[in-house]
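# Residue-level structure breakdown
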6 protein chains.
Amino acid sequence: MRIDGRESMQLRTIHIEPDFLKHPEGSVLITVGDTKVICTASIDERVPPFMRGEGKGWITAEYSMLPRATEQRNIRESSKGKVSGRTMEIQRLIGRALRAVVDLENIGERTIWLDCDVIQADGGTRTAAITGAFVAMAIALYKLYEKKSIGKYPVTDFLAATSVGILENKQIVLDLNYVEDSKAGVDMNVVMTGSGEFVELQGTGEESTFSYGELQDLLKVAQEGLMELFEIQKEVLGDEITNLIYQNRGDKEGKS
Amino acid sequence: MRIDGRESMQLRTIHIEPDFLKHPEGSVLITVGDTKVICTASIDERVPPFMRGEGKGWITAEYSMLPRATEQRNIRESSKGKVSGRTMEIQRLIGRALRAVVDLENIGERTIWLDCDVIQADGGTRTAAITGAFVAMAIALYKLYEKKSIGKYPVTDFLAATSVGILENKQIVLDLNYVEDSKAGVDMNVVMTGSGEFVELQGTGEESTFSYGELQDLLKVAQEGLMELFEIQKEVLGDEITNLIYQNRGDKEGKS
Amino acid sequence: MRIDGRESMQLRTIHIEPDFLKHPEGSVLITVGDTKVICTASIDERVPPFMRGEGKGWITAEYSMLPRATEQRNIRESSKGKVSGRTMEIQRLIGRALRAVVDLENIGERTIWLDCDVIQADGGTRTAAITGAFVAMAIALYKLYEKKSIGKYPVTDFLAATSVGILENKQIVLDLNYVEDSKAGVDMNVVMTGSGEFVELQGTGEESTFSYGELQDLLKVAQEGLMELFEIQKEVLGDEITNLIYQNRGDKEGKS
Amino acid sequence: MRIDGRESMQLRTIHIEPDFLKHPEGSVLITVGDTKVICTASIDERVPPFMRGEGKGWITAEYSMLPRATEQRNIRESSKGKVSGRTMEIQRLIGRALRAVVDLENIGERTIWLDCDVIQADGGTRTAAITGAFVAMAIALYKLYEKKSIGKYPVTDFLAATSVGILENKQIVLDLNYVEDSKAGVDMNVVMTGSGEFVELQGTGEESTFSYGELQDLLKVAQEGLMELFEIQKEVLGDEITNLIYQNRGDKEGKS
Amino acid sequence: MRIDGRESMQLRTIHIEPDFLKHPEGSVLITVGDTKVICTASIDERVPPFMRGEGKGWITAEYSMLPRATEQRNIRESSKGKVSGRTMEIQRLIGRALRAVVDLENIGERTIWLDCDVIQADGGTRTAAITGAFVAMAIALYKLYEKKSIGKYPVTDFLAATSVGILENKQIVLDLNYVEDSKAGVDMNVVMTGSGEFVELQGTGEESTFSYGELQDLLKVAQEGLMELFEIQKEVLGDEITNLIYQNRGDKEGKS
Amino acid sequence: MRIDGRESMQLRTIHIEPDFLKHPEGSVLITVGDTKVICTASIDERVPPFMRGEGKGWITAEYSMLPRATEQRNIRESSKGKVSGRTMEIQRLIGRALRAVVDLENIGERTIWLDCDVIQADGGTRTAAITGAFVAMAIALYKLYEKKSIGKYPVTDFLAATSVGILENKQIVLDLNYVEDSKAGVDMNVVMTGSGEFVELQGTGEESTFSYGELQDLLKVAQEGLMELFEIQKEVLGDEITNLIYQNRGDKEGKS
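Described in the following lines is the structure provided in the data block. Along each chain, residues carry numbers from 1 onward, in the same order as the chain's sequence is written. Chains carry letters from A onward and ligands carry numbers from 1 onward, assigned in written order. Thresholds applied to this predicted model are a pLDDT of at least 70 for local features of residues and 80 or more for the giving and counting of side-chain atom pairs; totals over whole chains, interfaces and linings are not thresholded and use all residues. With hydrogens and water excluded, all non-hydrogen atoms of the structure serve as input to the side-chain values.

### Observations concerning the interface of chain E and chain F
- Residue-level contacts link 33 residues of chain E with 33 residues of chain F.
- By buried area we mean how much accessible surface two parts lose on assembly, using a 1.4 Å probe and totalling the loss over both. Between chain E and chain F the total buried area reaches about 3000 Å² when both faces are included, carbon and sulfur atoms providing 51% of it.
- Any Lys or Arg side-chain nitrogen located within 4 Å of an Asp or Glu carboxyl oxygen qualifies as a salt bridge. Connecting chain E to chain F are four salt bridges.
- For E89 of chain F, the salt bridge is made with R96 of chain E, and the minimal N-O distance between the two is 4.0 Å.
- Pairing of N or O atoms within 3.5 Å defines a polar contact, subject to two protein rules: one partner must be a possible hydrogen donor and the other a possible acceptor, and residues neighboring in sequence count only if both atoms are side-chain atoms. Where chain E packs against chain F, one counts twelve residue pairs in polar contact (both at pLDDT 80 or more).
- Runs of H or I in DSSP of at least four residues are treated as helices and runs of E of at least two as strands, each being numbered from the N terminus. For the side of chain E that touches chain F, the secondary-structure elements that each account for two or more residues are α2 (85–99), β8 (186–193), β9 (198–204) and α5 (212–255) of chain E.
- In this classification, the charged set is Asp, Glu, Lys and Arg, the nonpolar set is Ala, Val, Leu, Ile, Met, Phe, Trp, Tyr, Cys and Pro, and all remaining amino acids, among them Gly, are polar. Split into classes, the residues belonging to the side of chain E that touches chain F amount to twelve nonpolar, eleven polar and ten charged.
- Strand pairing is defined by DSSP finding a minimum of two bridges between the two strands. As paired strands, β9 of chain E and strand β9 (residues 198–204) of chain F are joined by five bridges and run antiparallel to one another. When the sheet's bridge partners are listed, L201 of chain E is paired in β9 of chain F with G203 of chain F. By the convention used here, residues are in contact when the closest approach between their heavy atoms is within 4.5 Å.

What follows is the structure, encoded as structure tokens:
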């Protein structure tokens, strides 16, 4: 039994509220236990300078925390005048992950901006951000598709992320909260597609290490958690978007 | 009749949800029409260097917008590496206003940080921030008082803010939304105490001007709106805090 | 009697020296008691990117202090690598105020830069800057008009600013010097046109408040001081420019 | 056969030149094919503020490239005034990895700074930096140990890193050079201890994904390459340091 | 005959107005032709951290230009968020030069800040700044000496600077104005003590070179100009300060 | 005899290794005693905006030190977010010096970037950088000439730099190392062309001064050292480039 009463392989309570904000093309509030992240998707009718004229689109992400998302107040990065290494690492991860399940050729010369703003943090903010941003992006792209700004729905698979870790007592656990995360010897973030392929795998043994056998166990636990997350995403997105994604996935598998 | 169907002197629908977040000592989500601001109050057991050893406290505020709080996505100030003039002006205003209704001698060498993060913007974000931050601060200070960290509840009066303006058709209106605000010839923010005293008055005629008579009309309208805001604040804060504030106000008036 | 021997409603000695510098299109040294500000107006034959192609001009201001304008040396903002909130607030105010008395349609796609550099500070630097910058700008625009770069002289009214405040002893005073300003409970900056219309009104009760009655008294005192400032501006600008402004003011009043 | 004539599982030519510079406590020039990195270890007799008084040490890394380490000249990060996300991600990785094989309790309140400066880049700069920085650090710590500034040699295991990837033709390859890296669908960096435990695993499918079976193959190839790197490190460090590390590793394994 | 009617070896009209500002311990407005620089000397009762406890003082300088000191408006360095290379080079030069004629042991643990702000520029701003800053500093140190904060007047010699150059027509000229400076093939700044010793010599042939013979001619012309500057400094400083400096110079020469 | 056993007029051991790096158009590792600098020349097929359309080229330099080039580790300028005054002064000097021996009209609208990165410092890094950068640049420009991208080899003379100084014991010495440099009363950097003309002369008496007689002695010593440096440059560049330079020098002298 874990500190918050969960089983080793149990996710926290997950909730994804779509259309949380009025202005963005897509937006959700994702709640994973006490972690809450607002994810918005904005369509910008331009691509960055290095991509102009190539006829394809771009997806990029920004991540931030409210100063008092955490137990101790953090100084704003805008006040410090620079973005921390941790923030940059996370936003690069989110952007890279989402680009793996979108056919960039099919969105035209547009940029999708994903803004993930943590309003309350209790561990797992980067994986919640990926899981929520996927939904916000899928909704925003569906709007483009609906009004025929793009000819084909460009999302090729579902995408979600979770964490697994090895606690001090060697217990392998799924979806670590903040207290578990700060004590875990090994911490691994797994980003996966709905078809069970890895997109990103980041395992870290801070002042600790892990064996090949432990790696295998960690990945098995992660995969089971991710399957639950895909079910939640499908429910939120509804049948129409889900079917469009399945269709694209079929096409892709047919090709390979 | 106004663009959103309101009367000239009618506020938008206001809602203040207390204890919106888990970690801060005080927090609210304030909703003013489509404008939504998360206000948190954090107690820091230190004062800034220039105040050390004086035995009194400090109150300071920070203000920010999510990139997609607005119709067009804004670049984050942390990405730009600097805070805009507009942001600085607003956060200086919020801090100054709140300091007017707290007896800084009574809070000890502590800093109260007020973070006002706009998650959805439709005009009037700075006045909503002041009105909400007051409630978050009153709650946070009550916690200090309850656990006897401070001997006397230090809030000396209610504090709220609203806007008034003169539209292109010369109509004087209360609580401008974004569309009205961007077209108004004169825009005035009024910060007032529960006893009806001015704390801050900022009237601006951008590419326009206003006469003494118009000023008198604007202030009358503002005052009526503010009285409604104080009623909402009292309801959210409850009888115990409200009575403590009334008592302090009485003491102050007795003295002067 | 005030600390420097003035009556409550007496301005300090004011002097405006036109053409103080060789290079700028317009420049003055304005002296208000011991406060001295160099104001220059520069004509830039471009507008900022967001205004290109609209066929109208822009007016913007920058404000700074020499490090030793004050009693204690201040660190340069260029050394700190960022501009303070106070500076930004003041330069936004100056720009906004001046735009209220210029017909931007009549200056073509040009930017007027107003640089206000305080070389000696003794309170009231922002109001001195506005009063002096108006003169520098009026001269610079007259040069454009004289050489027929613009068809119509675009200044539509005089513009000046002063401060009023309530001292600790409740005395209402005009044009506060530094010692008065740092002790005043209420401080108000009033920017007005030559026709007596308000352009900007900023009243602040730092750790204090003010009633509606006090506001009325403050405004009355401010207005009397401002009338003296307009007389000085007219004298410095001379009959030709003064008459052009009167003519434009008449046109505007005729229209409204 | 690969573009540079190597077999799939063949490392590039590796050379580590110890004591490359005069001033640092430890320094190497590591050459991996055409990639060349100067790694220096500096002992600072202080720890960062957040660790003072805890009686343990800290290890931190910085990474940079000469502007012309690459085919196209890069703008210096000092000229841009900020460090890129990529740089931050890499230096966080290097520091984290090295902390996994040092007993921080045994180095006293000291900081080991590892500076990894790429003077020529041809892919794999971050893994070369880790492999080289380990040697520089082991040398620097040996000097502290030799002059009895610390009682026990604190390095608990060898540490090296390499990359593996899946090329467009699905070929799995070891130690990717720049051309391979920029075309690979999957890229994985593996940091491992001399005992074969993982310290860090970062697998990324940029615009691509990888299956569980592919992951297993990648890790097998990586491990074989790493074993060769440990042999080179041992040779450079010599018997005395190698034996001290073996002894610490034995102690650690005995304990666990 | 030169462009402004001067002879080759003729300085422009020089004027030094002492006590130009109210707050600083020493201040002058130095006018060299159309170049005008406000130089202030501020006494800070601390030294920089790297000098604490050594019992001696420090002298440092900052240099800046008003945006419209020049024919074209320059962007403020505070707006750009960084100080240019040119500015840094000049302020390092001014500080270094002044430290050569002050006995730092005799000023106690104090910093003398010299702020040189160019309000109008027409070439030679750095040499005017040195010549003026010397006077401001001598006055400020005299005040310290007068009120017995320091036991011995610490200025050991006069110090002034001027420029010499070789024009396109090979003519050697003294004290170049802006037009001459921008066309000169060789430009040399010479900083000299009242006894005729060099403190700093900076000769530059931008896209040009100069021979040993030309160097000798340039130095001769510079020296004659500098002798005139020392006479002006003596007149402004008055007999009392002048005699104190002569006395110190005698002491120094006696020693060497 | 000097601290490192050299005679007063003896250079340290100099070595210039051409083609040190793979990617740059020109590169050297220059070793002057224990000072080691990597100099690279990069050809950029554009000029800075202020020079576009003029049909001529530009040469600019950047200078940096590895953090552990020195005895104490220095903080990276990229981490500090700004370039120091010393760095800016040096890179401006390098660029200016090299521009004196290249016919910018003959290189077309190209920029030559010279990057001088000090990997080990023991005094004289800026003069080593100039001497080495000249060779890197001469090689890079020869490649352009060889492939007929430019019609005429544009280097018009050799260029080298060294330092001379006056030690505490009044001894005049050539090519100061770090220990000598930090104790010298007078320090002078001399940049000269192969024909013996001065390009730049920077003599500084930090807390000291120097007479005209001392200046003459210093320059004589510098010139002898520089002649040795030109011989080394010729050897490294080879007969072909050397002859092209001689030819251009002859042309230039013929003209003047």
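The structure having been displayed, the exposition proceeds.
### Some details on the sheet that holds strand β1 (residues 14–18) of chain C
Residue and element names in this part refer to chain C.
- Judged by pairing direction, the sheet is mixed, and its five strands sit side by side in the order β1-β2-β3-β5-β4 without closing on themselves. Both outer strands of the open sheet, β1 and β4 (58–65), are each paired with one neighbouring strand and no more. Adjacent strand axes in the sheet meet at a mean angle of 15 degrees when their direction is disregarded.
- Pairing of β4 with strand β5 (residues 111–120) involves eight bridges; the strand directions are parallel. When the sheet's bridge partners are listed, M65 is paired in β5 with V118.
- Axis definition: a line fit to C-alpha positions, over the contact stretch in the case of helices; interaxial angles, taken between N-to-C directions, run 0 to 180 degrees. Each of β4 and β5 touches helix α2 (residues 85–99); the most contacted strand, β4, lies at about 145 degrees to it.
- Strand contacts of helix α3 (residues 125–146): β1, β2 (26–32), β3 (35–44), β4 and β5, with the helix running at about 35 degrees to β3, the strand carrying the most contacts.

### Examining a negative patch on the surface
- Here the term patch refers to residues with relative accessible area over 30% and no salt bridge, with like charges joined within 9 Å and nonpolar side chains (Val, Leu, Ile, Met, Phe, Trp, Tyr) within 5 Å. For the area figures, the Shrake-Rupley method with a 1.4 Å probe applies, and any residue is considered shielded solely by the protein chains shown. A positive count includes Lys and Arg, and a negative count includes Asp and Glu. His and the chain ends are not counted in either. Charged side chains are reduced to one point each, which is NZ for Lys, CZ for Arg, CG for Asp and CD for Glu. Where like charges cluster on the molecular surface, the negative patch consists of E54, E105 and E109 of chain E together with E207 of chain F.
- Inspection of the secondary structure assignment puts E109 of chain E in the loop between α2 and β5 (111–120).

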